[in-house]
Amino acid sequence: MKKISNNKSVHNISQNEISNTEIADSKNKFKLFIDSFLVYGLGGIISKIIPIVMLPIITRLMPDSFYFGLNDLSSAAVSFGCAIAIMGMYDAMFRLFFEKEDEEYKKDICSTAFCFTLVISIIVFLILFFLKKPFSVFLFGNIKYYNLLYLTALSILIGSTNSIVAAPTRMKNKKGTFIIINTLSSFLSYSISVPLLIKGYYAIALPLSGVISAFVVEIIFWTKNKEWFQLKRFNFKYLNDLLKIAIPLLPNFLIYWIFNYSDRLMISKLLGAEFTGIYAVGARIGSISQLIYTAFAGGWQYFAFSTMKEDGQAKTLSSIFEYLGIISFVATMFIMSLGKLVFNSFFPPSYNDSFLVVPYLFLAPLLQMLFQIAGNQFLVIKKTWPIMFFLSLGAVINIILNFLMIPKIGIEGAGISTLVGYSMAIFITVLILKRMALINISKKFILACLLLILYFIIWRYMLYDKILISFILAIVATVINVYLYKEKLILLIKNLK
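J.: What exactly am I supposed to notice about the overall build of the protein chain here?
T.: Secondary structure summary: the protein chain contains 18 helices and zero strands in total. Counting the 497 residues in the protein chain, one finds 52% classified as buried. Sequence separation of at least 24 residues holds for 84% of the intrachain contacts in the protein chain that already meet a minimum separation of 6. Summed over its atoms, the accessible surface of the protein chain is roughly 22900 Å², and 69% of this surface lies on carbon and sulfur atoms.

Pasting the structure below:
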């Protein structure tokens, strides 16, 4: 009997040790995610929040929404060009960087990715430069805006290489540098654009300031990271390894572009550039959610790839998916309730209709965030084609709905189309991953999703102009979500402490 008792005691000690180890491991993962989320995200948030704060000033300095629409079309072209130029190389470089601990190998990977991206960026720049007439007419509707196209081409060249040159700062976990440089970029951009707008350079003020600030930032990052980028380190074998991951990702970035920017072009062609401007302002206010998304994106890659080989990875990812999903839903409901008040208080009357698209375009980037969390499971097992397939399906739904809804209900139709497209992509992705045992979504989260849909319907048909009632209803929905997740919330608070 004594021997049995001792065995039980040893067994209990062993179990306690395992339990303590699991708790410690969970806390370490949580700390790493929060650390990456807050620090890298903070640098991105600062660069995003300044444009949002400056938006009411910019709209009042411009004579009408037409010029804001032109600038937004330029941004759409820059985003598309950068996706082509980078060609998925940034994510591929990040993935292979953590494959080995050998620093020489890491420098070869970074150098090879940079050389490839530089060559493709130059090609894209030259195409736009020499074909300025057709591209100016296609994008802006008139050849006289060719100067804006030149700035667009420069933004693509600098922006594409900038992302690669800045990558080692993230991969080496240099946090303070990242925050300072991102802050500098935003302040520099608006210190240039505001005087230009005052002097009447409405078409080129924002793109020109963006080019200058991006160039300054790239010089700073190059100075700090130049040891990681050497032409002599270019390696065709590693290029082949990078392209195996990067090329399947390229369609994903193009599909993201369809989600985020194709609606601008369609509104411009179907309704006019001035409506693109109104939609763009609503999108910018909606992009407040980019503060959450940018914080996530800034830290996610480092966290995801540095923990991808650990035990319980799928469980950790599922928890993050639900936590950020609930935060996204709650934030969306409060934005919906306060949207009209913000536009009435800070923007010219010509932009009042913009508030109708804010809820859809606020939630859309957050759904993109959730899709990337779930889709990362395919990237971990080096199968990128499912991500492309599910995104493509969502993008096709988005485009079809745009053609159907924009002519009938205007810019709100574009917002609805984007949101529905992302929702379908996430739903199918989670369904497949759940069958593969790579993600596990609780019934509580499904209930939270249904609660958000119900709030959307009530707000749009009954309460969109009743600010106080909408706000109270958002509080009620938040209390319900807190009750659903009270146990995990208590654990979350303990971990934060």
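J.: Please clarify how unusual backbone geometry should be interpreted in this entry.
T.: Comment: phi is negative for the bulk of residues other than glycine, and the bulk of peptide bonds are trans. Residue M87 is not a glycine yet carries a positive backbone phi of 55°. Structurally, M87 can be placed in the loop between helix 2 (65-86) and helix 3 (89-97).

J.: Even after reading the chapter, I still don't get a positive patch on the surface, so can you show me in this structure?
T.: Taken together, the side chains of K315, K444, K486 and K488 make up a positively charged region of the molecular surface. Relative to the assigned elements, K444 resides in helix 16 (residues 443-463). Of the residues examined, K444 reaches a relative accessible area of 35% and is grouped as partly exposed.

J.: What is the right way to look at the nonpolar core in this model?
T.: The nonpolar side chains of a soluble globular protein tend to be buried with one another. Judged by nonpolar contacts, the single largest core of 82 residues is most densely connected at I58 and F321. It is helix 13 (residues 358-380) that provides the largest number of residues to this core, a total of 14 residues. When sequence neighbours within four positions are dropped, the list of residues in contact with I58 reads F68, Y190, V194, L197 and L206.

J.: Please clarify how the pattern of salt bridges should be interpreted in this entry.
T.: Side chains carrying opposite charge are able to pair once their charged atoms draw close together. Scanning all chains against the criterion turns up seven salt bridges. Where K237 meets D241, a salt bridge forms, and the shortest distance between an N and an O atom there is 3.6 Å. Highlighted residues: K237 and D241, both in helix 9 (residues 236-270), separated by four residues, approximately one helical turn. Residue classification places K237 among the exposed residues on the basis of a relative accessible area of 56%.

J.: Help me out: how do you make sense of the environment of S111 in this one?
T.: Tracing the backbone shows S111 in helix 4 (residues 103-130). S111 sits 128 residues away from L239 along the chain, and the two C-alpha atoms are 9.8 Å apart. Excluding residues within four positions of it along the chain, S111 makes contact with W228, F229, Q230 and R233.

J.: Sorry, what's going on with a nonpolar patch on the surface here?
T.: Together, V119, I122, I123, L126, I127, F129, F130 and L131 give the surface a local cluster of nonpolar side chains, amounting to about 710 Å² of exposed area. Tracing the backbone shows V119 in helix 4.

J.: What am I meant to see in the packing of helix 9 against helix 14 (residues 385-409) here?
T.: A pair of packed helices can be characterised by two numbers: the angle between their axes and the separation between those axes. Across the interface, helix 9 lies against helix 14 with an axial gap of 9 Å and an inter-helix angle of 5°. Relative to helix 14, the element helix 9 lies roughly parallel. Within the contact between the two elements, helix 9 uses P248, P251, N252, I255, Y256, I258, F259, S262, D263, M266, I267 and L270 and helix 14 uses I387, M388, L391, S392, G394, A395, N398, I399, N402, F403, I406 and P407. Class assignment of the residues belonging to the contact of helix 9 with helix 14 gives a composition of 17 nonpolar, six polar and one charged.

J.: Quick question: what am I supposed to make of the environment of A280 here?
T.: Relative to the helices and strands, A280 is located in helix 10 (residues 273-286). Overall, A280 belongs to the buried group, its relative accessible area being 0%. Through-space distance from the C-alpha of A280 to that of L70 is 10.0 Å; in sequence the pair is 210 residues apart. Discounting chain neighbours no more than four positions away, the residues touching A280 are F68 and D72.

J.: Could you clarify how one ought to interpret the side chain of T276 in this entry?
T.: Here T276 is to be found in helix 10. When its relative accessible area of 0% is taken as the criterion, T276 is described as buried. Only 3.5 Å separates the side chain of T276 from the backbone oxygen of R264, close enough to count as a polar contact.

J.: Honestly, helix 2 in this entry has me stumped. Any pointers?
T.: Residues separated by three or four positions in an α-helix point in the same direction, a consequence of the helix having 3.6 residues per turn. With 22 residues, helix 2 ought to run about 32 Å at 1.5 Å a step, and its terminal C-alpha atoms sit 31 Å apart, in line with that. Burial runs high along helix 2: 16 of the 22 residues are buried.

J.: Teacher, can you tell me more about the side chain of D108 here?
T.: With respect to the element layout, D108 can be found in helix 4. Its relative accessible area of 15% is what places D108 among the buried residues. Here the side chain of D108 touches R233 through a polar contact of 2.8 Å, side chain to side chain. Once residues lying within four places of it in the same chain are set aside, the contact partners of D108 are R233 and Y238.

J.: Any chance you could explain helix 15 (residues 411-435) here in plain terms?
T.: With 25 residues, helix 15 ought to run about 36 Å at 1.5 Å a step, and its terminal C-alpha atoms sit 38 Å apart, in line with that. One or two steps after helix 15, the chain reaches A437, where phi turns positive at roughly 60°.

J.: Help me out: how do you make sense of the packing of helix 10 against helix 15 in this one?
T.: Between helix 10 and helix 15, whose axes approach to 10 Å, the crossing angle comes to 50°. In this view, helix 10 runs oblique relative to helix 15, as classed from their interaxial angle. By crossing handedness, the relation of helix 10 to helix 15 is classed as right-handed. Between helix 10, through F275, I278 and Y279, and helix 15, the contact on the second element is made entirely by I411, A414, G415 and T418. In the contact of helix 10 with helix 15, the residues fall into five nonpolar, two polar and no charged.

J.: Is there a simple way to think about the packing of aromatic side chains in this case?
T.: Geometrically, a pair of aromatic rings is defined through the distance of the ring centres and the angle of the planes. What the rule picks out here adds up to 18 aromatic pairs. Ring centres 4.9 Å apart and planes at 85° place the aromatic pair F234 and F236 in the edge-to-face group. Above the plane of the ring of F138 lies K269, whose end atom (NZ or CZ) is 5.3 Å from the centre.

Definitions and limits used
Residues numbered from 1 in each chain as written. Predicted model: local features only at pLDDT ≥ 70, side-chain atom pairs only at ≥ 80, totals over all residues. Heavy atoms only, no water. Helix = DSSP H or I, 4+ residues; strand = E, 2+ residues; numbered from the N terminus. Buried < 20%, exposed > 50% of the residue type's maximum accessible area, 1.4 Å probe, protein only. Contact = heavy atoms within 4.5 Å. Areas by Shrake-Rupley, 256 points an atom, 1.4 Å probe, with all protein chains shown as cover. Patch = residues over 30% accessible without salt bridge, like charges linked within 9 Å, V, L, I, M, F, W, Y side chains within 5 Å. Salt bridge = Lys/Arg side-chain N within 4 Å of Asp/Glu carboxyl O. Lys, Arg positive; Asp, Glu negative; His and termini not counted. Charge placed at Lys NZ, Arg CZ, Asp CG, Glu CD. Core = buried A, V, L, I, M, F, W, Y, C linked by side-chain atoms within 4.5 Å. Axes fitted to C-alpha atoms, helices over the stretch in contact; angles between N-to-C directions. Parallel < 35°, antiparallel > 145°, perpendicular 65-115°, else oblique. Nonpolar A, V, L, I, M, F, W, Y, C, P; charged D, E, K, R; others polar. Polar contact = N/O pair within 3.5 Å; in protein donor to acceptor, adjacent residues only side chain to side chain. Expected span 1.5 Å × (residues − 1). Left-handed = near helix turned anticlockwise from the far one by under 90°. Phe/Tyr/Trp six-rings, centres within 6.5 Å; stacked < 30°, edge-to-face > 60°. Lys NZ or Arg CZ within 6 Å of the ring centre and 35° of its normal.

Read these as spatial facts, not as claims about activity.
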